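Below, each chain spelled out in residue letters.
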Amino acid sequence: MFERQETVEAIEAVAAPLPLVAATITETIAPLQGSLGEAWDRVRRRLRAELGEDVFSSWFARVEIGGLVDSVAYLTVPTRFLKSWLEAHYAERLQVNCQAELGAVNGVILSVRQVSRDSAPAPVRETVAVRPRSAVAAPAAASTEVRHGEAATPCERDIVDACGTLLDRRLTFENFIVGKSNQLAFAAAERIAAAPAGSTPYNPLYLHAGVGLGKTHLLQAIAQEARRQGKRVAYFTADRFMYGFVAALKSQTALAFKEKLRGIDLLVVDDVQFIQGKSIQQEFGHTINALIDAGKQIVVAGDRLANDLEALDERIRSRLGGGLVVEVGDLDETLRGKILGGRLAALHAAHPNFHVNPDVVAYVACVVATNGRDLDGAANRLLAHATLSGQAVTLETAEAAIRDLVRTREPRRVKIEDIQKLVATRYNVSRADILSERRTAAVVKPRQIAMYLSKALTPRSLPEIGRRFGGRDHTTVLHAVRKIEKQITEDRLLHDEVDLLKRMLQE
Ligand code: ADP
Ligand code: MG
């Protein structure tokens, strides 16, 4: 009946326990625990001395340490804003100071402290927690709650899942606009959310796409819909998963973390590419395997194909890739127009004087070609412009308002496969030739150019590129990249040709 109560019940209504690996890992960090708090105090003193009292108390006073695992320090903060601010401005300083006091630290991960039944909840969260389920889940309440970019009160906005993660009520299936590039993902997501507890239509579902194309939106929608139907759902971002695990280790309740998960029906993990650290990856792998074997539904999203998640263990990759894998493609102009339209309508509902005429919407949807995040940004800017100037939005004011968004937009996500196809067409060979073992000059040159372009235009590592070129070694890729780099400085024609290929791929 009550959220918090429900969580406890979910945890206690347990069947067979999950296999435990955490016990062994606890030992590897146990000796640190006693001194960790003291070491963290020293880090704080250093920061205070370096930055001065004002800066320290504004940004660092509420940072806490959760643990240190596999040379990664896990820090927590109370708000999302503080997390992004610290990441943007103080990531390096935090790392350097942690290194100085905590020993070998090669990474710092910040996460927002989550609502937990083990810790004293914040007053607002408590309000959420005691709200009767029917009020939280009423579809009518959800559909009025579409004020994107608006500071709705936490009570209105937040729903809590079975592990205390806040879900964003704006990100629902109703608010998700379906187009060619995402219809498969949407259909799979809806099907999973609607399936009765215990049935797993596609397990696991793995969604992948570049930034801002709607992965988080779909995952949140699945979590909320499933929860509305009474399923026990745990939604984790990578950092929350890592933090949850580390916090459990720290308080020596690694068991409890697993216990939480064993009572659920659906596990949703977002941004899996950020899961790092050997023990945690191991734990993640065990969790996924155990839950799938226990007939629980798993949904995971990442920014690349499961097989390209280099940091993850081979077996986890193949497990993730072994279910239903769906890519969410780029948003076409029609879809962008509709997403922007939806966002502007939501803003209009909250600001009745704010109107944007269809010409302007069409213009913005045409030039902001990147992703949903930039469309959000554009909508917020139009609103800010209109509010500050007190004038209606015209094409000219819109252009000025979003100018920097258009200029700084990220280049299109280029796929290695597209590079191979384009280069093959240009040089009259087949893509299979490029991937093959053949070493004739007619094939070697396009292959090397394609490798060079893959390095230049994608974030893929050399070994990854090698794998995608018929399982070649990374030294072969490096050789190709160097060779083409050198040749384009010497050969004007080749330079222009490669340049043209680059532009075609990025458009
Ligand atoms: P990702 O997780 O893939 O980086 P998000 O899900 O955070 O992307 O999407 C970025 C923004 O774009 C969000 O505000 C989201 O609601 C919006 N968005 C993306 N795709 C759609 C869609 N098909 N319909 C409605 N909004 C969308
Ligand atoms: Mg996301």
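These numbers come from a predicted model, not from an experiment.

### Things to note about the overall build of the protein
Here's step 1: Helix and strand counts for the protein stand at 24 helices and 10 strands.
Here's step 2: Among the 507 residues that make up the protein, the fraction classed as buried is 49%.
Here's step 3: Sequence separation of 24 or more characterises 75% of the internal contacts of the protein that already satisfy a separation of 6 or more.

### So, the pairing of strand β3 (residues 107–112)
Here's step 1: Within β3, five of the six residues are buried, which leaves the element mostly enclosed by the surrounding structure.
Here's step 2: Sheet topology note: the strand β2 (residues 72–77)/β3 ladder contains six bridges and is parallel. Within the sheet, the bridge partner assigned to Tyr74 lies in β3 and is Ile109.

### Thoughts on the sheet that holds strand β9 (residues 297–302)
Here's step 1: Reading across from one edge, β7-β8-β9-β6-β10 is the order of the five strands in this open sheet, with parallel pairing throughout. What marks the edges here is a single partner per strand, and that holds for β7 (233–237) and β10 (324–327). Put simply, the sheet's adjacent strands are angled 15° from each other on average, direction ignored.
Here's step 2: With four bridges joining them, strand β6 (residues 205–208) and β10 adopt parallel strand pairing. If you follow Leu207 over to β10, its bridge partner there is Val326.
Here's step 3: Against the sheet, helix α13 (residues 278–293) contacts β8 (266–270) and β9, and its axis sits at roughly 140° relative to β9.

### A closer look at the side chain of Asp374
Here's step 1: Looking at the element boundaries, Asp374 is found in helix α17 (residues 372–389).
Here's step 2: We note that Asp374 is buried and unpaired, the nearest opposite charge coming from Arg373 at a distance of 7.2 Å.
Here's step 3: At 2.5 Å, the side chain of Asp374 and the side chain of Thr370 are in polar contact.

### Structural notes on the site of ligand 1
Here's step 1: Within the structure, ligand 1 sits among 19 residues, and Ile177, Gly212, Thr216, His217 and Asp376 are positioned closest to it.
Here's step 2: The separation between an oxygen atom of ligand 1 and a polar main-chain atom of Leu213 is 3.2 Å.
Here's step 3: The separation between an oxygen atom of ligand 1 and a polar side-chain atom of His217 is 2.7 Å.
Here's step 4: Put simply, the parts of the chain that give the shell around ligand 1 at least two residues each are α10 (215–228), α15 (333–350) and α17.

### Some points on the nonpolar core
As a rule of thumb, nonpolar side chains are buried together in soluble globular proteins.
Here's step 1: Counting 51 residues, the largest nonpolar core has Leu344, Phe354 and Leu382 as the members making the most contacts within it.
Here's step 2: Not counting chain neighbours up to four residues away, the residues in contact with Leu344 comprise Phe354, Val356, Val361, Ala379 and Leu382.
Here's step 3: In this structure, Tyr74, Leu261, Val272 and Ile316 belong to the second largest nonpolar core, which totals 31 residues.

### Here's the deal with the packing of aromatic side chains
Here's step 1: Per the stated rule, a full pass over the model turns up seven aromatic pairs.
Here's step 2: Ring centres of Trp59 and Trp85 lie 4.7 Å apart, and the angle between their planes is 20°; on these two criteria the pair is classed as stacked. Residue Trp59 is found in helix α2 (residues 22–60), and its partner Trp85 is found in helix α3 (residues 80–89); the two are separated by 26 residues along the sequence.
Here's step 3: Pairing Phe173 with Phe186 gives two aromatic rings, centres 5.6 Å apart and planes at 85°, and the pair type is edge-to-face.

### Concerning the pattern of salt bridges
Here's step 1: Scanning all chains against the criterion turns up 23 salt bridges.
Here's step 2: Between Arg232 and Asp265 there is a salt bridge; the shortest N-O distance is 3.1 Å. With a gap of 33 residues between them, Arg232 in the loop between α10 and β7 and Asp265 in the loop between α12 (254–262) and β8 connect regions that are remote in the sequence.
Here's step 3: Its relative accessible area of 12% is what places Asp265 among the buried residues.
Here's step 4: When the shortest N-O distance is used, the salt bridge between Lys486 and Glu490 registers 3.3 Å. Here Lys486 and its partner Glu490 are both found in helix α23 (residues 474–490), four residues apart, which amounts to about one turn of the helix.
Here's step 5: A relative accessible area of 52% means that Lys486 is categorised as exposed.
Here's step 6: We classify Glu490 as exposed; its relative accessible area is 54%.
Here's step 7: A single network of salt bridges, built from pairs that share partners, joins Arg42, Arg46 and Glu101.

### As for helix α11 (residues 238–250)
Here's step 1: Between the first and last C-alpha of α11 there are 18 Å, a value that for 13 residues agrees with the 18 Å anticipated at 1.5 Å per step.
Here's step 2: Most of α11 sits out of view: 11 of its 13 residues are buried.
Here's step 3: The complete set of buried residues in α11 reads Ala238, Asp239, Arg240, Phe241, Met242, Tyr243, Gly244, Phe245, Val246, Ala248 and Leu249.

### Points about empty space enclosed by the protein
Here's step 1: A full pass over the atoms with the stated rule returns one cavity of 30 Å³ or more.
Here's step 2: Within this model, the largest cavity holds a volume of roughly 60 Å³.
Here's step 3: Around the largest cavity sit Ile192, Ala195, Pro196, Ala197, Gly198, Ser199, Lys231, Asp265, Leu266 and Gln297, which together line it.
Here's step 4: Residues that form the lining of the largest cavity fall into these classes: five nonpolar, three polar and two charged.

### Quick notes on the side chain of Thr370
Here's step 1: Looking at where Thr370 falls in the secondary structure, it is placed in the loop between α16 (358–367) and α17.
Here's step 2: Here Thr370 falls in the buried class, since its relative accessible area comes to 14%.

### Points about the environment of Leu383
Here's step 1: As for its placement among the helices and strands, Leu383 is situated in helix α17.
Here's step 2: Since its relative accessible area comes to 10%, Leu383 is described here as buried.
Here's step 3: When the C-alpha positions of Leu383 and Phe354 are compared, they lie 6.9 Å apart, and in sequence the two are 29 residues distant.

Rules used in this analysis
- Residues numbered from 1 in each chain as written.
- Chains lettered and ligands numbered in written order.
- Predicted model: local features only at pLDDT ≥ 70, side-chain atom pairs only at ≥ 80, totals over all residues.
- Heavy atoms only, no water.
- Helix = DSSP H or I, 4+ residues; strand = E, 2+ residues; numbered from the N terminus.
- Buried < 20%, exposed > 50% of the residue type's maximum accessible area, 1.4 Å probe, protein only.
- Contact = heavy atoms within 4.5 Å.
- Pairing = 2+ DSSP bridges.
- Axes fitted to C-alpha atoms, helices over the stretch in contact; angles between N-to-C directions.
- Lys, Arg positive; Asp, Glu negative; His and termini not counted.
- Salt bridge = Lys/Arg side-chain N within 4 Å of Asp/Glu carboxyl O.
- Polar contact = N/O pair within 3.5 Å; in protein donor to acceptor, adjacent residues only side chain to side chain.
- Near = heavy atom within 4 Å.
- Core = buried A, V, L, I, M, F, W, Y, C linked by side-chain atoms within 4.5 Å.
- Phe/Tyr/Trp six-rings, centres within 6.5 Å; stacked < 30°, edge-to-face > 60°.
- Expected span 1.5 Å × (residues − 1).
- 1 Å grid on protein atoms, 1.4 Å probe; cavity = no way out; pocket = protein on both sides within 12 Å on 5 of 7 lines; lining within 4 Å.
- Points joined across faces, edges and corners; volume = space filled by probe spheres on them.
- Nonpolar A, V, L, I, M, F, W, Y, C, P; charged D, E, K, R; others polar.

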